[in-house]
Every structure is written in structure tokens, then in C-alpha cells.
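An overview of the molecular structure
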Amino acid sequence: MPGTAFHLEVVPQIPARLARLEELANNLWYSWDRPTRTLFARLHPSLWNAVGHSPKAFLKRVDQQKLAAAAEDPVFLGNYARVLSAYDTYHNEAGRANGAQELRGDDLVAYFCFEFGFHESLPIYSGGLGILAGDHCKAASDMRLPFVAVGLLYRQGYFLQTIDNDGNQHAIYHDADFDDLPIAPVRTAEGGELRVMVDLLDRNVAVKVWRARVGHVSLYLLDTDLEENAAQDRDIAHRLYGGDRRNRIEQEIVLAVGGVRALAAMNIQPTVWHINEGHAAFLILERMRELNTAPLDFPSALEAVAANTVFTTHTAVPAGHDYFSEEMMRLYFEPRCHELGIAVEQLLALGHSAGNPEFNMTALAVRGSRFHNGVSSIHGGVSARILASLWPQIEAEDNPVTHVTNGVHVNTFLSNEWNELFDRFLGPGWSQRVAEHACWEGIQTIPDHQFWSVHQSLKAQMLHLVRHRIAEQHARNHGSEAHLDRLLKLANPDNPNVLTIAFARRFATYKRAALLFENLDWLREILGDTKRPVLFIFAGKAHPADQPGQALIRRIVEVARLPEFEGKILLVEGYDLRFARRLVSGVDVWLNNPEYPLEACGTSGMKAAMNGVVNLSVLDGWWGEGCDGMNGWAIKPASDTLDGARRNQEESRTLYEILQDRVLPLYYDWGAMGYSPGWVAMAKHSIASLLPRYNSSRMLADYVKLFYRPAARQWQRYSEQGFAGARELAAWKGRVRSAWQGVAVRRVDEARRRIGFGDTLRFAVACNLNGLQAEDVVVELLLGRPAGGAQLKKSRSHRFVFEHLLDTGEALFTLDLTPEYCGKIEYRLRLYPHHELLTHPFEMGMMVWL
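About the criteria used
- Residues numbered from 1 in each chain as written.
- Predicted model: local features only at pLDDT ≥ 70, side-chain atom pairs only at ≥ 80, totals over all residues.
- Heavy atoms only, no water.
- Pairing = 2+ DSSP bridges.
- Helix = DSSP H or I, 4+ residues; strand = E, 2+ residues; numbered from the N terminus.
- Axes fitted to C-alpha atoms, helices over the stretch in contact; angles between N-to-C directions.
- Core = buried A, V, L, I, M, F, W, Y, C linked by side-chain atoms within 4.5 Å.
- Buried < 20%, exposed > 50% of the residue type's maximum accessible area, 1.4 Å probe, protein only.
- Contact = heavy atoms within 4.5 Å.
- Expected span 1.5 Å × (residues − 1).
- Arc of directions from axis to C-beta.
- Polar contact = N/O pair within 3.5 Å; in protein donor to acceptor, adjacent residues only side chain to side chain.
- Parallel < 35°, antiparallel > 145°, perpendicular 65-115°, else oblique.
- Nonpolar A, V, L, I, M, F, W, Y, C, P; charged D, E, K, R; others polar.
- Salt bridge = Lys/Arg side-chain N within 4 Å of Asp/Glu carboxyl O.
- Phe/Tyr/Trp six-rings, centres within 6.5 Å; stacked < 30°, edge-to-face > 60°.
- Lys NZ or Arg CZ within 6 Å of the ring centre and 35° of its normal.

The 6 strands lie next to each other as β17-β16-β15-β18-β19-β20, forming an open sheet whose pairing is parallel. Sheet topology places β17 (569–572) and β20 (632–635) at the edges, where each strand pairs with a single neighbour. Direction aside, neighbouring strands of the sheet carry axes that sit 20° apart on average. In this sheet, β17 lies alongside strand β16 (residues 534–539) in parallel orientation, the contact comprising 4 bridges. Pairing of Ile-537 across the sheet is with Leu-570, part of β17.

Written as C-alpha cells, this is what we have:
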């Protein structure tokens, strides 16, 4: 059409009776409160879908007539009143809960992460890390924890995925309209928009600060897409996980440096800083720069900053750790070194890791924190081994890396149907007692037929969405209606009795999406039984730069097209939070078969379990501690001495055997009521045994107990009296490092090989402390049963006592010990530095063994 197109947006006027709809639309509380989302959806279902389930965008586009009609509709007004009542009750609860009350009144946790996944209406997430961060914030709100979060506001976020006929993934990016997002600019006292400046090379980049309300807590998002910035700087936060290394380092500097400065500009003073994955580790340097004006010297500032910094690592694969070249680090950080009063080599040393010349963000995060954790028991051990070189004289199992197993936000991922059923059988207060195992004993009182009816209803809803998405995908790829019918023959919501198994996660090679296809003849045999049909649903994205990951997608499409697998294997494009919620509540089995031990946690299986979906997984991540043999099935990892191909063969064989011998027979062992009582019993036990353990309330309570409370206390100890504690510890560590090379220990008693029960042994050692004092070290005996190798089984430690100095100048330490058990026992002697201000006894990484 000729002429210029001029655009005009007409915003509806919200009736006075419905004025608080805007308040509801601007608080991400709706992301875990289904009645709130339903309130908007029922006003105009098709518009709700068109705006991506964004309440704020919805209110800008809904017909004025629909709003006017709703303001006079008693049914809508009744629902509206109930939603507001729940909203006000939640937000007026001021008392802290679930351990949050153990923090002091002026304590505050600041949580930094590269991505946050709350809901599809705020697309600043890509996958598990972001969803976990969102759940962390939601749990903090539930606990009324003093808590703020900081992230980046991406114009494009992560990509939308389509898959063509050949199985090729196509990444589509859309610019978000920030006015449609549940965020608002932070205002200064004068009423203007808050901006902070971040120096990058020879430029000063303006950063705008936005706020998202998440129940009781706030998420602050940093935005560089501003007119006053140069084009290259406007694009810094343009795309999540996009761009080159230069873009990545600039994103991480803006997040860390800009985040610290934004909090300072708002007079927000955290007493605990939590770095969730290494992307935000540069905040350590920015906080040190701030303290350098105290003035604190570099070592003292590092001790002060590290004392109240928590670092959580979420990856066990090298690609998950960020590295930057020395040249790039010098380019961006040499001016900051002048501000810190140090040589650039000192800064580079903070990011040094063994065997790699590049600057390691994980190493910086560890050296700049005193609380470090992986996200499952297995992953904690893996991380301790990966990072062992940072504590070179400490055994991996003794170094400071521990774990807090992830959990998921129950109100977000538990379907509404289960909520209603639990209200009836567990009591209306069950949601306040999710971490109490006794609460979940009531699951057994739910009649099997009602339990199964809820599951089948959810399965039908899931299959409706699968059919809708497959139909859209098929039509875009110019497929025929006849062929579509063949593809969807088992995905029938009117007859949801086909065993349905899902594999839905990121298509990274270590997750082994194609393990199911290792032996197609065996798979053909399993899927060829017409009396026991099986439907496999695959979904997930591969990073646009991950060609091996995209090859996995093509492999799934290739196998799904074979005539014997047609309609039995479906690959659904566009995996997102909405589809994830449907899948984790609607399938029968959740499949996960990563390469052990590379799965850090795997929270999708937790979401499935709480919805009565049974897990079938490799014993890795959370499943290694969650599986009890009766709440799902376990694939035992093959020996790590085997090569990758042989491991795949062994573990795929286990997978086929479990499917053929256990899963299918149990599912299709239908009784007179048309379902398998054994299956229902396993699904009930899955909920009862896993939901109370793997929820975000338990997870955050662990963080408070193990990290947040101790970190806040350490900050108080280090910062009092002009940071006297930090100065004292830094000076002491300097003396220890200078002397340690010359520290030695020798026995001056006679080592006995046999004693009678009840006899007391006296141990004595002489220590050359090379100028250190006796109180600067601990001499310790470890006693336990021989376990082979360098380890002791269930060892106990016993401290020596300093007696006096010998004529040689050595310090004499003694220990009187009466062994408590008989048989063969083993002991070892060691010496390590000690100071009362140390956060972890082995944080210096120094130890001398006799």
C-alpha cells in the first residue's frame, strides 16, 4: 500500500473496580499463582496466547468492551476478589519463615546471576541455570528473606526455535518491548531514571536500572540499550549467550561492576553476596575497589570481600566455565589495577588455574569467596576434584567445596489439579509444610482411582499441547494432513492410555539425547508390541554455536522418520516454560541419561516427580541421592575405565532392559479399573519420598544455614573497627605463606605396632615452624579403619597440644590417645595453619603430612 505507515497505540482504560489488575500484572507473583494467570486468560483466551501469557502486555491490548463487561460480571468479580485476597494475604505476611529469621535485622543477601527464569512473559533465561535462579528468588519471597537479585535485561533474550523437515534447528530472535515486561525503571529521589556508569576500555557506558517485583523481593535488571550510549555499547546486553568473547566479557563486567554500583546508588547494603555461577565474579574486584578507598590494602580487601561471598558452581563440563585471554584481561582491567594499587599480574593470579594460561572466572570466584558449593552431592565431589589445584596440599574431599542440592519451587511446577487433590487429602495447610515428610504420608490416603484420574487429565492436557505444536510445525514444513494423522496416532488426548516417556532438556552432547537409538533393533522390538504401545516425546534446544548438539536433533528426526518408528517418536520444537510445565506434569516417565558424572543436578526430574511422573535416569546429579529403588528406575553408570562408545553400549543396554522388563510390564499391568495399581503405588511413593526433599524451600533453608548466616557473621567480624579483622587475617596469611616452605614435622616418640584394649598411647612430634608461633598451626592425628589407597574409613581427628620449645628450636606437640575399638586401625599425622578468623580450616590450601 502506498504512503507512509504511521503507528498509534490505543491503550484501554481499566475500570476503577478492576484497577488493581495493573498491580497484579506488575508482580511476578503471578508466575507461581495460577488463579491470577487464569483471571487474565479468561478475559480473552486468544489474546492471552497471542501476548505470550504476559499480563502487562495483555492489559495494553485487551478490548475496552471486555474490560467493561468484566467489571459488571459477578463471576469475574468474585474470582478477582479471591485473587486479591490471596495476593494481599501473601504480601502482608511480614514475619520471616523457614530459617530466614536466623539472619539479623540488618542482614541482606544480594544474588547475582546471568539469567533468571520466572515465566515465559519475562524472556531473560535459556534453561536450567535461569529457572533455578528464578526458583531461588521465589523461595526467598516465600521465606520473606531479606534478599535482592541482580541480572541483565536482554533485548532479545534466548532464541525461539523452529525445526525444518530435515531436522535442522533454526534460531529466531525477537526484540522485546520492555514496556510489555513486568518491570519498571528505578527512580532517583529527584524522580529521574536511575543510571550508573561503568567504564569499559576508554568509554563510560551508561546503565539503566529496572526493577521487577517478585513477591516480597526485588530483581534489579541492568540495561545498556540507551540513546546516550554508542551503538556497540547499546548492544552489550542485546542477546543472552550471544556474541563473541569481547561481548561476553563486557556483559560480565556490566553485570558485576554495574550491579555493585547500582545497589550502592540505591543505598542497598548487602551483608552477603551470592555469585550464582562464575559470570558475575568480577563483582569481587569492584567490591575490593570500593574497599580500597577505606583504605584497605589489596590482601586485606580480598579477605574482607571473600568473607561474605558465596559462590555456587552449576557445571561439571569445561565449556561451562568462562575463560578470557591474558591480553583481554590486561586490556579491560589494567586501569582498575591502578585503582587497586596492584600490578596487573596480581589480578591475573586470582584467575589462574592449573594447565590453562587464560583467566578462569571460576578460579576468581573461588579465590574471592569463602563459601563454595556444587548443586548435588555427586556434583559437590566432582567440583571439589575439578578445583582441587586451588588448595594444592589438601585432599579433594577435605577442601572447602561442599554442596547444596537444588530444589524446585512447588507452587510454580506442581499442577493445579494436584494442588486441589492435596488440599482435600493432606489438609489446606500442606503448602506450608512441604519439607515435612510426615505431611506426605497422607498421599497414601488418596484413592488410587482418583490419583490416576488426575494424572490422566493432566496427560490429556499435555497431549493437546503436543498435538497443537506438532500440527503447527508440520504445517510450516508443508506436510500433509494425512501424514499428520499418522504422526499423532498415539498422541490422543481422548485416549491417554499409551505409555508416554519424555526426554526434554538442552541438547548438549553429554546429555546423550540419542542414547535411546544405540541399538535400533532392540528399540524396534520394544516399540513393536501393538498391545503395549509407547510414545517418546523429545524437546529441547541446542545452542546455535553447538553443532554436535544440533546434530543430535537431526538424529532424532532421522530415526523418527523410519517407518517402524513413525508416530512413536515425536520431536516438538520451541521448548519453553509453558511446554515444560505441561510435560513434567503430563507424561508417565521422565527419561534422563547423561554421561556420568557430568550432570550437575537435573531439576526437571524433580518437577516431574512432584507431579507423580516416574523417573528413569542415570544415577547422576540429584537422582544419585534421590533414587531409593522404589520411586523410579536407575541406570547404573558403567565403569569409567571404558571409552565413551563402550559406556554408551553398556548403559543403553541397561536402559532397554529396564524399559522391556520393568517399565512396560508394570504400566500395562492393568486391573479391573483400567490402570496399574503397582504403577500408582510407585507414583505415590515418588511424590511422598521426593517432593519434601527436592523443593526450593529446603534448598534455600540450607543456603541460609550453611552459607548466608555464617557469611553475614564473618562480615561482621572482619569489618568491625575499621576492618581490623580483615587486616589481621591478611597480615597473618602473609606471614604463613612466607614461612610455610620451611615448615617440617618429625616424630620423637616410638611408633608402637600393637597395644592392649584400654591402653593409652602417647604421641609426640617436633615441628620446625620456621618463625611461626605454635598457635599458628594445628597438629592433628587422623585415626580410622584402613580403606585402601590414601583414605581412612570413618576417620576421626585428634588434636595435639603444644608443650614447649625444644633445644633445637622446634616446637614439641603431644597427644595422649586411648583407641576406642579393636582390630586393625590406621593413623596419620598432619600439620596445617590455623587462625580463629579462618572461615574454613583448610582455606589456605597448606598442609604438611608426616
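What follows deals with the nonpolar core. Generally speaking, nonpolar side chains in soluble globular proteins are found buried as a group. In this structure, Phe-282 and Tyr-708 are the most contacted members of the largest nonpolar core, which totals 185 residues. Among the elements that take part in this core, helix α27 (residues 696–740) stands out by supplying 17 residues, more than any other. When neighbours within four sequence positions are excluded, Phe-282 is seen to be in contact with Ile-249, Glu-252, Ile-253, Ala-256, Phe-324, Met-329, Phe-333, Phe-359, Met-361 and Leu-364. Within the second largest apolar cluster, 107 residues are counted, among which are Tyr-125, Ile-526, Leu-552 and Met-606.

Below, the discussion takes up helix α6 (residues 74–91). Its 18 residues place the ends of α6 25 Å apart at the C-alpha level, agreeing with the 26 Å of an ideal helix rising 1.5 Å per residue. Turning to α6, its buried residues number three or more, namely Phe-76, Leu-77, Tyr-80, Val-83, Leu-84, Tyr-87 and Tyr-90. All buried residues of α6 fall inside an arc of 150° around its axis, so they share one side. Opposite the packed face of α6, turned more than 90 degrees from it, sit the exposed residues Pro-74, Val-75 and Arg-82. For α6, the N-terminal capping position is held by Asp-73, with its side-chain oxygen 3.0 Å away from the main-chain nitrogen of Val-75.

The next point concerns unusual backbone geometry. For residues other than glycine, phi is negative in most cases, and the peptide bonds are mostly trans. In this structure, the amide linkage connecting Tyr-596 to the following residue, Pro-597, adopts the cis form with an omega of 0°. Along the polypeptide, Pro-597 turns up in the loop between β18 (589–592) and α23 (604–610). For Tyr-241, which is not glycine, the phi torsion reads 55° and is therefore positive. With respect to the helices and strands, Tyr-241 occurs in the loop between α8 (231–234) and α9 (245–265). Here Tyr-241 falls in the buried class, since its relative accessible area comes to 15%. We note that His-478 has phi near 65°; this positive angle belongs to a residue other than glycine. Note that His-478 resides in the loop between α18 (448–476) and α19 (481–487). Classification of His-478 by relative accessible area gives exposed; the value is 73%.

It is worth spelling out the packing of helix α7 (residues 128–143) against α27 at this point. Contact geometry for α7 and α27: axes closest at 9 Å, N-to-C directions at 80°. By the criterion of interaxial angle, the relationship of α7 to α27 is roughly perpendicular. Facing Leu-132, Asp-135, His-136, Ala-139, Ala-140 and Met-143 of α7, the residues of α27 in contact are Ser-696, Ser-697, Met-699, Leu-700, Ala-701, Tyr-703, Val-704 and Tyr-708. A per-class count over the contact of α7 with α27 returns 10 nonpolar, 3 polar and 1 charged.

The subject of this paragraph is the sheet that holds strand β21 (residues 744–747). The sheet built from 4 strands is open, its strands ordered β21-β22-β26-β25 with antiparallel pairing. If you trace the sheet from one side to the other, it starts and ends with β21 and β25 (801–805), each paired once. Each adjacent strand pair in this sheet contributes to an overall mean axis angle of 30°, direction not counted.

Enumeration according to the criterion identifies 56 salt bridges in this entry. The salt bridge partner of Arg-246 is Glu-250, with a shortest N-O separation of 3.5 Å. Of the two residues, Arg-246 and Glu-250 are both situated in helix α9; the distance of 4 residues between them amounts to about one turn of the helix. Taking the relative accessible area as the measure of exposure, Glu-250 reaches 4% and is therefore buried. For Lys-511, the salt bridge identified is with Glu-599, shortest N-O distance 2.9 Å. With Lys-511 in the loop between β15 (499–504) and α20 (520–527) and Glu-599 in the loop between β18 and α23, this residue pair connects regions lying 88 residues apart in the sequence. Assessed through its relative accessible area of 8%, Lys-511 is described here as buried. Look at the salt bridges and you will find they share partners, linking Asp-199, Arg-261, Glu-286, Arg-289, Arg-336 and Glu-339 into a network.

What follows deals with the packing of aromatic side chains. Counted under the stated rule, the structure contains 45 aromatic pairs. Here Phe-40 and Phe-58 contribute two aromatic rings whose centre-to-centre distance is 6.0 Å and whose plane-to-plane angle is 80°, an arrangement assigned as edge-to-face. Within this pair, whereas Phe-40 is found in helix α2 (residues 34–43), its partner Phe-58 is found in helix α4 (residues 55–61), the two being separated by 18 residues in sequence. Per residue, the accessibility class of Phe-40 equals that of Phe-58, and both read buried. Three or more aromatic residues joined by ring pairs make a cluster, and in this case those are Trp-452, Trp-633, Tyr-667, Tyr-668, Trp-670, Tyr-675 and Trp-679. Note that Arg-239 overlies the ring of Tyr-173, its terminal NZ or CZ placed 3.5 Å from the centroid. Taking NZ or CZ as reference, Lys-607 lies 4.4 Å from the ring centre of Phe-413, over its face.

A separate point is the environment of Tyr-694. Checked against the element boundaries, Tyr-694 lands in the loop between α26 (677–690) and α27. In this structure the C-alpha to C-alpha distance between Tyr-694 and Gly-626, which are 68 residues apart in sequence, comes to 8.4 Å. Residue contacts for Tyr-694: discarding those within four places in its chain leaves Thr-405, Asn-406, Gly-407, Val-408, Met-606, Trp-622, Glu-625 and Gly-626. A distance of 3.4 Å separates a polar atom in the side chain of Tyr-694 from the backbone nitrogen of Gly-626.

Remember, this is a structural readout, not a statement about activity or role.
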